[in-house]
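Examination of the molecular architecture
One letter stands for each residue in the lines below.
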Amino acid sequence: MKCNFSKVGIFIKTIFKMKKRTAFIGSILYLTRLVHPILIKTGLILTTTGLILSFQENLYARDDSFYFNRAIKKVEKRDYDGAISDFTKAIEINPNDSDTFHNRGVAKENLNQCIKAITDYLRAIEIKSDRFTSYFGVGSCKGKLGDQKAAISAYTKAIEINPLYGNAYYNRGNSKYELKDYEGAISDFTKVIEINPNDSDAFHNRGVAKENLNQCNKAITDYLRAIEIKSDRTSSYFGIGSCKGKSGDEKAAISAYTKAIEINRNDADLYFNRGLAKFNLGDYDGAISDYSKSIEINPNNVGSYQNRGVAKVNLGDYDGAISDYSKLIEINPNNADLYFNRSQTKYMLGDIQGSCSDLKEAASLGDEDSKKILSSSDGIEICGNFKN
């Protein structure tokens, strides 16, 4: 008897409904502001181009100010270990200098020693209770450690002391975003904009938060304002493309991604999203070109391999599609969708045995569609019994 899956509809799905990554990669927040001000002792800096001590080192005793200022020089050179050593010597001489504890905390944070940095920030606050910059440092470190609630608490204390501290609102907004409190994030980013109406980062981040609330029209307004302030902001063009894609305006999405690519030709996600928009318009050749560029930039880009394989199927390039799925399976051997897609493609080439083998593997990995097919009368007849 001729093997034929027609009764179960070519493994349930037509080639136009093969499993692919259908969602656009969403916009991301711009970088959190983690750089804290190094505190300079009044009167010791004579120029704005670099630190110059107001005394000759070889003529004066090495008091805490000597080590403090030498540490500042080392911070400027990113010699954080050396700076920590000098700040520590200054603290040994003067154990109640809040500035020195704060600065040593900054140096430690720059070395990703956040737990140690927090200890210094807290000591700086203990000595000087209104040190909002140290509360900011605590918030920054708590955020890096993944404790967003503690970060929000620290930023809030900084804001209570200095209600015009824009960076604290900005970072608090980022922490709220991480907790999916998008309304709260929007409120904080709005406050940053009130303090500085030309803060491109804040407009972009507020746009991202709005996009996550499906307020794409409002998000686009913020993305455009971010670009108006900073014309080379690829992340905001990316956001516009993402929103346009979500609304089904694929041509506008392609236009936005293209503008971003003109600024930065080395972002794999831009090519992936533009490829998806082209795919949705039926431009499979264009989609393959973009997916290929995405893979060139990031050879482990699973979504681009998967979608390129589906695009190749739509162009009848079954061998090329199987090659992509096989490469992906090497990268991610536990992805049921990949086996499902390769199973369908092998079937189209008449490789029934290989098709059944992949379908069983997809089912063993939990794919419900594959299980239904294999448990149907036709599936049993063609592929044999399958036990979950």
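Parameters at a glance
- Residues numbered from 1 in each chain as written.
- Predicted model: local features only at pLDDT ≥ 70, side-chain atom pairs only at ≥ 80, totals over all residues.
- Heavy atoms only, no water.
- Helix = DSSP H or I, 4+ residues; strand = E, 2+ residues; numbered from the N terminus.
- Contact = heavy atoms within 4.5 Å.
- Areas by Shrake-Rupley, 256 points an atom, 1.4 Å probe, with all protein chains shown as cover.
- Phe/Tyr/Trp six-rings, centres within 6.5 Å; stacked < 30°, edge-to-face > 60°.
- Buried < 20%, exposed > 50% of the residue type's maximum accessible area, 1.4 Å probe, protein only.
- Axes fitted to C-alpha atoms, helices over the stretch in contact; angles between N-to-C directions.
- Parallel < 35°, antiparallel > 145°, perpendicular 65-115°, else oblique.
- Left-handed = near helix turned anticlockwise from the far one by under 90°.
- Disulfide = S-S within 2.5 Å.
- Nonpolar A, V, L, I, M, F, W, Y, C, P; charged D, E, K, R; others polar.
- Polar contact = N/O pair within 3.5 Å; in protein donor to acceptor, adjacent residues only side chain to side chain.
- Expected span 1.5 Å × (residues − 1).
- Salt bridge = Lys/Arg side-chain N within 4 Å of Asp/Glu carboxyl O.
- pLDDT = per-residue confidence, 0-100.
- Core = buried A, V, L, I, M, F, W, Y, C linked by side-chain atoms within 4.5 Å.

**What to know about the overall build of the protein**
The number of helices and strands found in the protein is 20 helices and 0 strands. Of the contacts made within the protein by residues no fewer than 6 positions apart, 55% connect residues no fewer than 24 positions apart. Total accessible area computed for the protein in this model is approximately 18,300 Å², and 48% of it derives from carbon and sulfur atoms.

**Remarks on the packing of aromatic side chains**
Summed over the entire model, instances satisfying the criterion amount to 10 aromatic pairs. Plain terms: the ring middles of F66 and Y67 are 5.1 Å apart, the flat faces sit at 80 degrees to each other, and that makes the pair edge-to-face. By the burial criterion, F66 is buried, and Y67 matches it. An aromatic cluster is built from F132, F136, Y155 and Y165, whose rings are joined through pairwise contacts.

**Brief notes about the packing of helix 11 (residues 234-246) against helix 12 (residues 250-263)**
Close contact between helix 11 and helix 12 brings their axes to 7 Å; oriented N to C, the two are set at 165 degrees. Relative to helix 12, helix 11 is oriented roughly antiparallel. Along this stretch, helix 11 crosses helix 12, giving a crossing that reads as left-handed. Taking contact as the criterion, the partners of T234, Y237, F238, I240, G241, S242, K244 and G245 in helix 11 are, on helix 12, E250, A252, A253, A256, Y257, K259, A260 and I263.

**Section: unusual backbone geometry**
With a phi close to 65 degrees, K180 is a non-glycine residue in the positive phi region. As for its position among the elements, K180 is in the loop between helix 7 (166-178) and helix 8 (182-195). The phi angle at N214 is positive, at roughly 60 degrees, despite the residue not being glycine. Residue position: N214 is located in the loop between helix 9 (200-212) and helix 10 (216-229).

**A closer look at the state of the cysteines**
Tallying each qualifying case throughout the model produces 1 disulfide. Here C356 engages in a disulfide with C383; their sulfurs sit 2.0 Å apart. Disulfide C356-C383: torsion about the S-S bond near -75 degrees, hence left-handed. With C356 in helix 18 (residues 352-364) and C383 in helix 20 (residues 377-383), this pair connects stretches of sequence that are 27 residues apart. In terms of burial, C356 and C383 fall into one category: buried.

**With respect to the packing of helix 4 (residues 114-127) against helix 5 (residues 132-144)**
The angle between the axes and the distance between the axes are what describe a pair of packed helices. Two numbers describe how helix 4 lies on helix 5: the axes approach to 9 Å, and their chain directions differ by 160 degrees. The pairing of helix 4 with helix 5 is recorded here as roughly antiparallel in orientation. Helix-helix and strand crossings are classified by hand; for helix 4 and helix 5 the assignment is left-handed. Where helix 4 approaches helix 5, its residues C114, A117, I118, Y121, L122, A124 and I125 are matched on the opposing element by S134, Y135, G137, V138, C141, K142 and K144. Tallied by class, the residues present in the contact of helix 4 with helix 5 amount to 10 nonpolar, 2 polar and 2 charged.

**Quick notes on the environment of T190**
Note that T190 resides in helix 8. For the pair formed by T190 and Y170, sequence separation is 20 residues and the distance between their alpha carbons is 9.1 Å. A polar side-chain atom of T190 sits 2.7 Å from the main-chain carbonyl oxygen of I186.

**Considerations on helix 2 (residues 80-93)**
Counted at 1.5 Å a residue, the expected span for helix 2 with its 14 residues is 20 Å, and the 20 Å between its end C-alpha atoms agrees. Of all the positions in helix 2, only Y80, G82, A83, I84, D86, F87, A90 and I91 are classed as buried. Looking at the buried side of helix 2, the elements it contacts are helix 1 (64-76) and helix 3 (98-110).

**Remarks on the pattern of salt bridges**
Per the counting criterion, the structure on display carries 25 salt bridges. Here R225 and E228 are joined by a salt bridge, their closest N and O atoms 3.4 Å apart. Linking R225 with E228, this pair stays in helix 10, spanning 3 residues, or about one helical turn. R225 sits in the partly exposed class, given a relative accessible area of 23%. A relative accessible area of 60% places E228 in the exposed class. We note a salt bridge from R274 to D290, for which the minimum N-O separation is 2.8 Å.

**As for the confidence of the model for the protein**
When pLDDT is averaged along the protein, the result is 85; 83% of the residues meet or exceed 70. In this model, residues 1-24 is a region of pLDDT below 50 whose contacts with residues beyond four sequence positions or in other chains number 70 contacts. The low-confidence segment residues 29-60 (pLDDT under 50) makes 85 contacts with residues lying over four places distant or belonging to another chain.

**Things to note about the nonpolar core**
Of all hydrophobic cores here, the largest spans 41 residues; its most connected members are A168, Y177, Y223, I240, C243 and L270. When residues no more than four places from it in sequence are discounted, the contact partners of C243 are E211, C216, A219, I220 and Y223. Among the nonpolar cores identified, the runner-up in size contains 18 residues, and A336, Y347, A362 and L374 belong to it.

**With respect to the environment of G309**
Looking at where G309 falls in the secondary structure, it is placed in helix 15 (residues 302-314). The exposure class assigned to G309 is buried, which follows from its relative accessible area of 0%. Apart from the residues lying within four places of it in its own chain, the contact partners of G309 are A321, D324 and Y325.

**Things to note about the environment of K108**
Here K108 lies in helix 3. Note: C-alpha distance between K108 and I84 (24 residues apart in sequence) is 7.2 Å. In this structure the side chain of K108 is engaged in a polar contact, spanning 3.0 Å, whose partner is the side chain of D120.

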